[in-house]
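This is what each chain is made of:
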Amino acid sequence: MLHIIGRNNSSNVQKVLWTCAEIGLDFERTDFGGPFGGNDDPEYRAKNPNGLIPTVEDGDLVLWESNSIVRYLAAKHGGGSRFYPADPGARALADRWMDWQLTVIWPALLPAFLNLIRTPEDKRDMDVVATAVAKANAAAKILDTHLTTNAYLGGADFTIGDIPVGVVTYRYMNLDIERPSLPNLEAYYARLCNRPGYQKYLMIGLS
Ligand SMILES: N[C@@H](CCC(=O)N[C@@H](CS)C(=O)NCC(=O)O)C(=O)O
């Protein structure tokens with residue numbers, strides 16, 4: 001059975017948990033990282049030299065990098081389905097949003113998340129938060145525009161492209177920040193909130 005190593009409030013672990021729910025894959029999970037520690041254990045570093053979570057074990061295969069894990073699980077269990085399109089063009093149109101999540105929207109929002117959720121109030125740097133929110137709002141407008149003509153990021157269907165950005169969308173929508181008017185992104189978020197896997201693994205609050 002697939003073994004997922006990582007605490008369940010980690011955005012990168014949540015990508016993997018939600019993917020398993022979408023493709024109906026059973027797994028076991030071990031709490032790890034954050035308050036659970038273990039990141040620097042030599043045994044863990046041998047599996048994941050970054051010392052970060054998640055790491056997954058699938059038989060003899062040991063894999064890290066959450067988006068690569070999502071692609072692997074989709075290919076193994078959902079290859080050719082609408083979730084992971086076989087057509088290279090259709091796949092790339094979805095896949096690009098996974099890279100965009102890693103390089104654009106999450107680096108923009110992360111400093112706000114860390115300050116507002118993981119830092120005691122008297123130690124927060126609100127200038128850092130303001131800069132992060134401005135960048136995240138700019139990225140969110142790109143999403144909102146894309147969603148004027150697409151129900152999901154890869155087009156009409158829910159795909160792998162929605163997993164990483166959907167995880168960030170939960171954080172963006174639930175942080176106590178000022179957002180511009182984003183009607184298409186709000187409608188998209190409402191669609192995600194109807195998905196059982198999103199309800200189970202994302203809608204658990206921010207911590
Ligand atoms: N690019 C990596 C980043 C992994 C990462 O930064 N994980 C964070 C949690 S979201 C982590 O391990 N933080 C230290 C910890 O939780 O102990 C991935 O996508 O898997």
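Residues numbered from 1 in each chain as written. Predicted model: local features only at pLDDT ≥ 70, side-chain atom pairs only at ≥ 80, totals over all residues. Heavy atoms only, no water.

Caption draft 1: Expanded view of the site of the ligand. All residues adjacent to the ligand are R7, S10, S11, N12, G33, G34, N39, L52, I53, P54, E65 and S66. The separation between an oxygen atom of the ligand and a polar main-chain atom of G34 is 2.7 Å. Within the side chain of S66, an N or O atom sits 2.6 Å from an oxygen atom of the ligand. In the complex, 75% of the free accessible area of the ligand, which totals 500 Å², lies under the protein chains. Looking at the shell around the ligand residue by residue, the class counts come to three nonpolar, seven polar and two charged. (Near = heavy atom within 4 Å. Polar contact = N/O pair within 3.5 Å; in protein donor to acceptor, adjacent residues only side chain to side chain. Areas by Shrake-Rupley, 256 points an atom, 1.4 Å probe, with all protein chains shown as cover. Nonpolar A, V, L, I, M, F, W, Y, C, P; charged D, E, K, R; others polar.)

Caption draft 2: Highlighting the packing of aromatic side chains. The tally for this structure, following the rule as stated, stands at 11 aromatic pairs. Among the aromatic residues, ring-to-ring pairing joins W18, F83, Y152, F158, Y170, Y188, Y189 and Y198 into one connected group. Positioned above the aromatic ring of Y172 is the side chain of R179, whose terminal nitrogen or guanidinium carbon lies 5.9 Å from the ring centre. Here the guanidinium or amino end of R191 rests over the ring plane of Y152, the centre of that ring lying 5.7 Å away. (Phe/Tyr/Trp six-rings, centres within 6.5 Å; stacked < 30°, edge-to-face > 60°. Lys NZ or Arg CZ within 6 Å of the ring centre and 35° of its normal.)

Caption draft 3: The pattern of salt bridges, seen in detail. Applying the stated rule across the entire model yields eight salt bridges. The closest approach of N and O atoms between D31 and R29, which form a salt bridge, is 2.6 Å. The exposure class assigned to R29 is partly exposed, which follows from its relative accessible area of 31%. Of the charged contacts, one joins R71 and D99 as a salt bridge, the two residues approaching to 3.3 Å between their closest N and O atoms. A residue pair is termed long-range when its members are at least 10 positions apart, and R71 in helix α3 (residues 66–78) and D99 in helix α4 (residues 88–118) qualify at 28 residues. Residue R71 is classed as buried on the basis of its relative accessible area of 19%. Here the salt bridges do not stand alone but share partners, grouping R71, D95 and D99 into one network. (Salt bridge = Lys/Arg side-chain N within 4 Å of Asp/Glu carboxyl O. Buried < 20%, exposed > 50% of the residue type's maximum accessible area, 1.4 Å probe, protein only. Helix = DSSP H or I, 4+ residues; strand = E, 2+ residues; numbered from the N terminus.)

Caption draft 4: Region of the structure containing the environment of S207. Turning to its location among the elements, S207 is positioned in the segment after α8 (196–201). Accessibility expressed as a relative area gives 42% for S207, which makes it partly exposed. C-alpha separation for the pair S207 and S10, spaced 197 residues apart in sequence, amounts to 8.6 Å. Sequence-distant contacts of S207, defined by excluding residues within four places in its chain, comprise N9, F113, I117 and R118. Here N9 takes part through its side chain, which lies 3.0 Å from a polar atom of the side chain of S207. (Contact = heavy atoms within 4.5 Å.)

Caption draft 5: Quick peek at the packing of helix α6 (residues 162–174) against helix α7 (residues 183–193). One can describe the packing of α6 onto α7 by two numbers: an axis separation of 10 Å at closest approach and a directional angle of 110°. In this view, α6 runs roughly perpendicular relative to α7, as classed from their interaxial angle. Contacts from D162, G166, T169, Y170, Y172, M173 and N174 in α6 reach L185, E186, Y188, Y189 and L192 in α7. Its residues assigned to classes, the contact of α6 with α7 comprises seven nonpolar, three polar and two charged. (Axes fitted to C-alpha atoms, helices over the stretch in contact; angles between N-to-C directions. Parallel < 35°, antiparallel > 145°, perpendicular 65-115°, else oblique.)

Caption draft 6: Local environment of the packing of helix α5 (residues 126–146) against α7. Following both chains from N to C, one finds α5 and α7 inclined at 80°, their axes separated by 7 Å at the closest point. Taken together, α5 and α7 sit at an angle that is classed as roughly perpendicular. On the side of α5, the interface is formed by A140, L143 and D144, while α7 contributes P183, N184 and L185. Here the contact of α5 with α7 is built from residues that sort into four nonpolar, one polar and one charged.

Caption draft 7: How the structure looks around the domain arrangement of the chain. One can read the domain layout of the chain as domain 1 (2–78) and domain 2 (88–201). Each of domain 1 and domain 2 was reduced to a C-alpha centroid, and the two centroids are 21 Å apart. Between domain 1 and domain 2, the contact holds 16 residues from the first and 20 residues from the second. Contact with domain 2 buries surface across domain 1, with W18, N67 and R71 losing the most and accounting together for 40% of the total. If you look at where domain 1 meets domain 2, you find three salt bridges. For the salt bridge of R71 with D95, the shortest nitrogen-to-oxygen distance reads 2.8 Å. Summed over the shared surface of domain 1 and domain 2, the number is eight residue pairs in polar contact (both at pLDDT 80 or more). Only α1 (11–23) and α3 provide two or more residues apiece to the side of domain 1 that touches domain 2. No other element matches the eight residues that α1 contributes to the side of domain 1 that touches domain 2. (Domains from an automatic or database assignment. Buried area = accessible area lost by both parts, 1.4 Å probe.)

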